[in-house]
Every structure is written in structure tokens, then in C-alpha cells.
Amino acid sequence: MAFTWTRNHILGLADWQGEEYRTLLQTASSFREVLSRRTKKVPALQGQVVTNLFFEPSTRTRSSFELAAKRLSADVLNFAPGSSSLTKGETILDTALTYVAMGTDIFVIRHERAGVPDTIAAEMDRLESGVSILNAGDGQHEHPSQALLDLFTLCCLLDDEHPRLELLEGKKIAIVGDILHSRVARSNIWSLTAAGAEVHLAGPPTLLPKYFEAFDRGDRPGKLFLHWELEPALEKADFVMTLRLQKERMTANLLPSLREYHQRFGITRQRLKMCNSGARVLHPGPVNRGVEISSDLMDDPRFSLISQQVTSGVAVRMALLYLIGNLKQEAG
Ligand SMILES: N[C@@H](CC(=O)O)C(=O)O
Ligand SMILES: NC(=O)OP(=O)(O)O
């Protein structure tokens, strides 16, 4: 029987099922085709309002959600906290309710505190508003659309015509750096192990706590490994995902120096030689050039997938908005 999409909020990937990833990849693939046409717009969300509520800085996530919504013909509102009535003491919830009163159908929310999108989603459900929440990154919790665009980028690289989940089965993927503070790492652990990949986390002990072992719940085909040295993670890896040191989230001095960090965990062309031939490097951005990745490697299109990740972001976010928006059209 064909799978039917029923998820109304996208808060995280911890409980996503294989069929949801498959539907997302197929839908993103169709929108990638739309984006290759001369007219890159479809009327799918005409009449719906998408409101970007970003309480934390963003370049690519906010702009690509905006572009994705516009490509689907939705109306888009962009909230800017610094010039909003938050500065007069209005609460986050009252801010959200104000936008609901203007007709918002979908909120895209980023906040420095984990759980804010969940709280607003619970309130939207309690009020039976029918409004959906898309988490665009909450504290150290999850960044689902980032992990989905990473998944789409990898699957497209392995089979551009038919990007599908199974392509990652048995692939070795190293995630390197500041795992502790990374919502990108957390969401990617869920999606990549759901795809059957071997995920190898690597970082200094201060940035890779042992409790990450608990992310291997044994309920998905892939496996998770932890390393406090770089080499075992990179050895014969197919892909390397580097992560930014999230200085804004570091409350203590967790690193000796950026230079020493680069020497021990920075990804360079030389180090990439430890991986399988043809290995590629990802980074969610923004990048600290010369810290987690050398500048020349970042700019080398033979190895770096960074710009493909950004490009994939538009099709993947169109797919997310479409799948959710469609539920409203069916209901309404
Ligand atoms: N942009 C990503 C990664 C990062 O900032 O390092 C995030 O918001 O989580
Ligand atoms: N990758 C990512 O989320 O980037 P921004 O913080 O620029 O949105």
C-alpha cells in the first residue's frame, strides 16, 4: 500500500521512519527538477502563509526556507527579533499568536534554546489552530532540515537520477568536531543510521561526551561509533562531515587553542588521503576557515560538497513545506 504522509510538525528526526525519508527524498527530487526549469515556481502553496521566526542568526536556513516557500507560491513573513515587539517585552508565544491571527499556516522556527519549537507546536495543537511548526534549529537539540538536505546531497551524489535511502547502506561516514554543541550532528546521527550507514563520531573528549553512545538505540540498520582521535574515524571513510566549533555555546574553555585543534582534528587534503578514494567532505556552514577544515580543501570542488549542500537545501525545504502544506489543503 502506498505510504501517506501524516506528520504535521517537523521537530526532529529521532522518530522518523524509513518511509518518511523515502517520501522526502522523492519529493525533493521532483522539486529539484522544478528548480531546473526556466519557470521555477509551482502554485502548490498558493494562499498559504509561511512565517519565519528566527530568534538566532542564520544565513542559509532562513533564506532557503524563504526561497522555498516563494517557489511554492506561498506568502512569506520574516520576523526580525531586534526590531520586533519582543524588545518591548512581548513573549515568544504571544509573538507566535500574533502571526497566527494574521493567518500563518506554517512557522519555521530557530531558537537558541532546545525545545522552543516543540513548545509552540504543543500550544498550536492545544488551540486546535491547525498551524504547523518546522524546526530550523533549536539549541543543541535538532536541525532536521539540515540533516535531510545532507542526506539528499549524499544520495544524489551516489545516484543522481534515483536518489534513495538504500544508497547509503554500509557507507562509512565520519562526523568530526564539536559534536557536543551540534544539533546538526544529532539530526544526522538519526538520519544516517536510519539509512544503514556506519556513523563514526570523532572529536576531543571535551567536545564528544561518552553519552553519545546512547544514540545507538539498536532500532535502526546503521551503527554508531565514537573516537577521541581522528585517524580511526577517517580510515576508509566514504564521507567526512566537518562541524564548526560553536563558540557561542561554549560556557567553559573546552579547547587548548584553535591552532592545536586544527592540528589534531582539522580536515585537510593530506588527511583526506586516509579515506576511501573519492571521499567527499561536507560542512553545514558557516565555516571557520582554517580551523575545522583547511581553506583550500573547502574551495576544491573535487572534494567539497558544501555548495551542493546549500543548493539541495532549497529543494529539500520545498519538499518539507509541500508535504506539510498539502495536509492543510486536504483538511481544508
Ligand atoms: N548552521 C548550523 C551549524 C552551525 O551553526 O555551525 C546550525 O545552525 O546549527
Ligand atoms: N547550516 C545552517 O544552518 O546555516 P545557517 O546558520 O546560516 O542557517
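What counts and how
- Residues numbered from 1 in each chain as written.
- Chains lettered and ligands numbered in written order.
- Predicted model: local features only at pLDDT ≥ 70, side-chain atom pairs only at ≥ 80, totals over all residues.
- Heavy atoms only, no water.
- Helix = DSSP H or I, 4+ residues; strand = E, 2+ residues; numbered from the N terminus.
- Expected span 1.5 Å × (residues − 1).
- Buried < 20%, exposed > 50% of the residue type's maximum accessible area, 1.4 Å probe, protein only.
- Axes fitted to C-alpha atoms, helices over the stretch in contact; angles between N-to-C directions.
- Parallel < 35°, antiparallel > 145°, perpendicular 65-115°, else oblique.
- Left-handed = near helix turned anticlockwise from the far one by under 90°.
- Contact = heavy atoms within 4.5 Å.
- Nonpolar A, V, L, I, M, F, W, Y, C, P; charged D, E, K, R; others polar.
- Near = heavy atom within 4 Å.
- Polar contact = N/O pair within 3.5 Å; in protein donor to acceptor, adjacent residues only side chain to side chain.
- Areas by Shrake-Rupley, 256 points an atom, 1.4 Å probe, with all protein chains shown as cover.
- Salt bridge = Lys/Arg side-chain N within 4 Å of Asp/Glu carboxyl O.

Trainee: Now, about helix α5 (residues 144-158): what can you tell me, with residues and values included?
Mentor: Look at α5: 21 Å from first C-alpha to last across 15 residues, which is about the 21 Å you get at 1.5 Å a residue. Counting buried residues in α5 gives 13 out of 15 residues, a clear majority hidden from the surface.

Trainee: Break down the packing of α5 against helix α11 (residues 306-331) for me, with residues and values.
Mentor: Contact pair α5 / α11: the axes reach a minimum separation of 8 Å and the direction vectors enclose 115°. Our classification of the angle between α5 and α11 gives roughly perpendicular. Here α5 runs over α11; the crossing is right-handed. Side by side, α5 and α11 meet where S145, Q146, L148, L149, D150, F152 and T153 of the first sit next to Q308, Q309, S312, G313, A315, V316, R317 and L320 of the second. The class makeup of the residues in the contact of α5 with α11 is 6 nonpolar, 7 polar and 2 charged.

Trainee: A description of the site of ligand 2 should follow, citing residues and the corresponding values.
Mentor: If you check the shell around ligand 2, you find S58, T59, R60, T61, R110, H143, Q146, P284 and G285 and nothing else. In this structure, an oxygen atom belonging to ligand 2 sits 2.6 Å away from a side-chain N or O atom of S58. Within the side chain of H143, a nitrogen or oxygen atom sits 2.8 Å from an oxygen atom of ligand 2. If ligand 2 stood free it would expose 250 Å²; the protein chains cover 91% of that surface. Classifying every residue of the shell around ligand 2 by side-chain character gives 1 nonpolar, 6 polar and 2 charged.

Trainee: I'd like a rundown of the pattern of salt bridges, residues and numbers included.
Mentor: Within this structure, the stated rule accounts for 20 salt bridges. Here R249 and E56 are joined by a salt bridge, their closest N and O atoms 3.0 Å apart. With R249 in the loop between β8 (239-242) and α8 (258-265) and E56 in the loop between β1 (49-54) and α2 (60-71), this pair connects stretches of sequence that are 193 residues apart. For R249, a relative accessible area of 12% gives the class buried. The closest approach of N and O atoms between D219 and R217, which form a salt bridge, is 3.0 Å. Sharing partners across several salt bridges, the network here consists of R269, D296, D300 and R302.

Interpretation note: all reported values are geometric properties and have no functional meaning in isolation.
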